Amino acid sequence: MMGRDESSVSKVIKRIERSPAWCSRLEALREESKSGNNNIIPVYHEEIFGLIFDKYEEEYLERFTNPRRGNAPDAQEVLRFWDYLKASGHDSLNLIDAEYGGHEDFADILPMSWTDAIMLVFRRVLTAKTAYVLTPLLLLCYGLARRWSALVPVFTAVSAVTFISCVVLLKLRKFRASLLAAVGAVAVSMAAMWGLASFSGGKLYTPGGTVLNLNTKEHTLTLSPELWGKGHIVFRINADNYDTIKEIFCRVNNKGGYVSTGFNYHSSPNIILEPEITGETLTLEVKYTDIDGIEHGAFTFSYDVGKLRFEASKNFILYMQDSWLFISRTAGSATVYASISYDYADDVVECLYYGINKDDPDTMFIPVTGDDVIFSGDDDGIKYVSSYLVFRDGTKSETRRAE
């Protein structure tokens, strides 16, 4: 009936026995019986022919879904077309027109659904084949975007349009489905990456987790003097974005060459300068190299050392202390002390004005050591004190209060 000899039929039955998915169906059709010479042999119900045909059908379709050579088509597409042929009542799969040598027109095949078309694309996202195309294309676009940042939304729009076009062509069954799915997979990956880059402050996030900075503009460096001890001034380097700064260099008073500021334990450039200050003026020249090795700067800063020390000391007192007075309460008495960091900021304060239980200080006091006793009295008589400082440059601080 099947045109197969006994050996071929025995082999396909063996393959059915070895397959977990098919073995149970075979056992349901098999029974034991005795042959004429009284041996135990298997006999089968007549449905065995249908089971063998089904097995042949599966193995036949595997020639398409898992070919020995060449690229495999989409398995779901093959099965969908096969089910269509069976449902259409084709008794003979004569797909070639013998008279004209051409293929029949299957115009009655239903179009692919939108879900099927989109999933066909997404199944190929980040596969090895699409990665071969995505990687060089991404590097090319990244180089162009670094030079012309206005191309970022263009890349996003082109990728999105390409993805949508591939989905539409897949639904209409135009061109090769495998090629359209691969192109659509690359396009949707590019659209996602460049779309995020449009809203991420100039950063491109790749599927592998790498962050590529698209911002190549020159950063303007500034210096902030800080007091780190009595008379010891350092300079903090400020930039609007440190991500693309690879290394920072500095030169003092136009002497010698530029020297690297070094790196911290995060392998980031050190942003604290501690130059040796010897004269009445100080000149600092700062430049940096970006992650592409391009040098930017130098940025030049000149300071009057006297004024610099005064301002640094003044800022230390203003911003590093919450109050300049404190109240000590013991055994029913209270003492008000001055608390000015003279170790770090001497020769800056002219005088201090204070008020006992007053919001407006009206009594002048000239500090000597910074820890002077200002006032003593009964504990109940001193609720709070207020104070402000007058500096030697004629400026004064805001009023602060101590409980």
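Note that the structure is a prediction, hence the values are computed from the model and not measured. (Residues numbered from 1 in each chain as written. Predicted model: local features only at pLDDT ≥ 70, side-chain atom pairs only at ≥ 80, totals over all residues. Heavy atoms only, no water.)

Visitor: Provide a residue-level description of the sheet that holds strand 18 (residues 400–402), including the pertinent values.
Guide: In space, the four strands of this open sheet follow the order 15-14-17-18, with antiparallel pairing throughout. What marks the edges here is a single partner per strand, and that holds for strand 15 (363–365) and strand 18. Direction aside, neighbouring strands of the sheet carry axes that sit 30 degrees apart on average. When strand 14 (residues 349–356) meets strand 17 (residues 385–391), the two strands line up antiparallel, connected through seven bridges. Bridge pairing links Tyr354 to Ser387 in strand 17. Packing against the sheet, helix 9 (residues 305–320) makes contact with strand 14, strand 17 and strand 18, and its axis sits at approximately 175 degrees to strand 17. (Pairing = 2+ DSSP bridges. Helix = DSSP H or I, 4+ residues; strand = E, 2+ residues; numbered from the N terminus. Axes fitted to C-alpha atoms, helices over the stretch in contact; angles between N-to-C directions. Contact = heavy atoms within 4.5 Å.)

Visitor: I'd love a proper account of the pairing of strand 14, names of residues and values included.
Guide: On a regular strand, each side chain points to the face opposite its neighbour's, so the side chains alternate between the two faces of the sheet. Among the eight residues that make up strand 14, six are buried, leaving the element largely enclosed by the rest of the structure. Of the pairings in the sheet, the one linking strand 14 to strand 15 comprises three bridges and is antiparallel in character. Its bridge partner being in strand 15, Leu352 is matched across the sheet by Phe365. Between strand 14 and the antiparallel strand that follows it, strand 15, lie six residues; Asn357 among them carries a positive phi value of about 60 degrees. (Buried < 20%, exposed > 50% of the residue type's maximum accessible area, 1.4 Å probe, protein only.)

Visitor: Now, about a nonpolar patch on the surface: what can you tell me, with residues and values included?
Guide: Together, Trp114, Ile118, Met119, Phe122, Ile164, Val168 and Leu172 make up a nonpolar patch on the protein surface, roughly 640 Å² of accessible area in all. It is helix 5 (residues 114–122) that contributes the most residues to the nonpolar patch, four residues altogether. Turning to its location among the elements, Val168 is positioned in helix 7 (residues 151–171). With relative accessibility at 31%, the residue Val168 sits in the partly exposed group. (Patch = residues over 30% accessible without salt bridge, like charges linked within 9 Å, V, L, I, M, F, W, Y side chains within 5 Å. Areas by Shrake-Rupley, 256 points an atom, 1.4 Å probe, with all protein chains shown as cover. Salt bridge = Lys/Arg side-chain N within 4 Å of Asp/Glu carboxyl O.)

Visitor: Residues and numbers for the sheet that holds strand 6 (residues 232–238), please.
Guide: Strand order in the open sheet formed by three strands is 5-6-9, with antiparallel pairing between adjacent strands. Of all the strands in the sheet, the pair left with one neighbour each is strand 5 (222–229) and strand 9 (272–273). In the sheet, strand 6 pairs with strand 9 via two bridges, with the strands oriented antiparallel. Bridge pairing in strand 9 links Phe235 to Leu273.

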